[in-house]
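Single-letter residue listing:
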Amino acid sequence: MSLLVAETIWSEIQSTRSVSNDQLSILHILFGKNLERATRIVDEGGVKKILGQPSGRSIFQVVGESRRKEEYLCFPEHYCACYSFFYDIVNRGEQLCCKHQLAARLAVSLGTCVDVKVSDDHLAHLLAKL
């Protein structure tokens, strides 16, 4: 049920390219502290959509918040390569998704992610590292 509510909110944000206080409140109830962290990542321009050419396949590269500014590959609805995804979501089931997945969803909905075009071979190489 929670994911259905979130999907509705993401669609509303995408249609207006803006976030209302009510939408933020609902998302915060669903995602808690991860939403706050995701908004910081988006505000800092930390979301890239890596687009394979000519296929159009894509994956997101999201900057972490540590001093090292590691970048994590993720599919917003399904997977992230970060530690939190495996620990909090897969193992413990405490969260619906990690901050990197949320940042990617938010950036796409707002139209603020940076598109980076690469060859399909390069995209395949990135995916092979997962």
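Predicted model, so just to flag it, every value in this text is computed and none were measured.

Trainee: What should I look at first to understand helix α2 (residues 21–31) in this one?
Mentor: Every α-helical turn comprises 3.6 residues, leaving residues that sit three or four positions apart pointing alike. Along α2, the residues that are buried comprise Gln-23, Leu-27, Leu-30 and Phe-31. Within α2, the buried residues cover an arc of 75° as seen down the axis, which keeps them to one side. Of the exposed residues in α2, those oriented more than 90 degrees away from the buried face are Asn-21, Asp-22 and Ile-29. Buried residues along α2 sit against α1 (2–16), α3 (33–43) and α5 (99–110). Positive phi appears at Gly-32, one or two residues downstream of α2, with a value of about 55°.

Trainee: What should I look at first to understand the nonpolar core in this one?
Mentor: Nonpolar side chains in soluble globular proteins tend to end up buried together. In terms of nonpolar packing, the biggest core is built from 29 residues, with Trp-10, Phe-31, Val-47 and Val-62 touching the most fellow members. Where this core is concerned, the elements lending two or more residues are α1, α2, α3, β2 (58–63), β3 (71–75), α4 (83–91) and α5. It is α5 that provides the largest number of residues to this core, a total of 6 residues. Sequence-distant contacts of Val-47, that is, excluding residues within four places in its chain, are made with Ile-41, Val-42, Phe-60, Gln-61, Val-62, Ala-103, Ala-104, Ala-107, Cys-113 and Val-114. Counting 6 residues, the second-largest nonpolar core is a separate cluster that includes Ile-50, Ile-59, Val-118 and Leu-123.

Trainee: Quick question: what am I supposed to make of the packing of aromatic side chains here?
Mentor: The relation between two aromatic rings is expressed through the spacing of the ring centres and the mutual angle of the planes. All told, the structure shown has 5 aromatic pairs when counted by the stated rule. Seen from their ring centres, Tyr-79 and Phe-85 are 5.5 Å apart, and the 65° between their planes marks the pair as edge-to-face. Of the residues examined, Phe-85 reaches a relative accessible area of 8% and is grouped as buried. Note on Phe-85 and Phe-86: the rings are 5.5 Å apart at their centroids and 90° apart in plane angle, and the pair reads as edge-to-face.

Criteria and thresholds
- Sequence order sets the numbering: in each chain, residues are counted from 1 along the sequence as written.
- With pLDDT at 70 or above as the cut-off, local features in this predicted model cover only qualifying residues; side-chain atom pairs require 80 or more to be listed or tallied, and sums for whole chains, interfaces and linings still use all residues.
- Computation of side-chain values: all heavy atoms of the structure, hydrogens and water removed.
- Only protein chains enter the accessibility calculation, which uses a 1.4 Å probe. A residue is then buried if its area is under 20% of the maximum for its type, exposed if over 50%, and partly exposed in between.
- Starting at the N terminus, helices and strands are each numbered in turn, a helix being any DSSP run of H or I of at least four residues and a strand any DSSP run of E of at least two.
- By arc we mean the arc of the directions from the helix axis to the C-beta atoms, nothing more.
- Residue contacts are defined here by distance: any two heavy atoms, one from each residue, within 4.5 Å place the two residues in contact.
- Residues grouped as a nonpolar core are buried Ala, Val, Leu, Ile, Met, Phe, Trp, Tyr and Cys residues, joined through side-chain atoms within 4.5 Å.
- Note on aromatic contacts: the rings of Phe and Tyr and the six-membered ring of Trp form a pair at centre separations within 6.5 Å, being stacked when their planes are under 30 degrees apart, edge-to-face when over 60 apart, and tilted otherwise.

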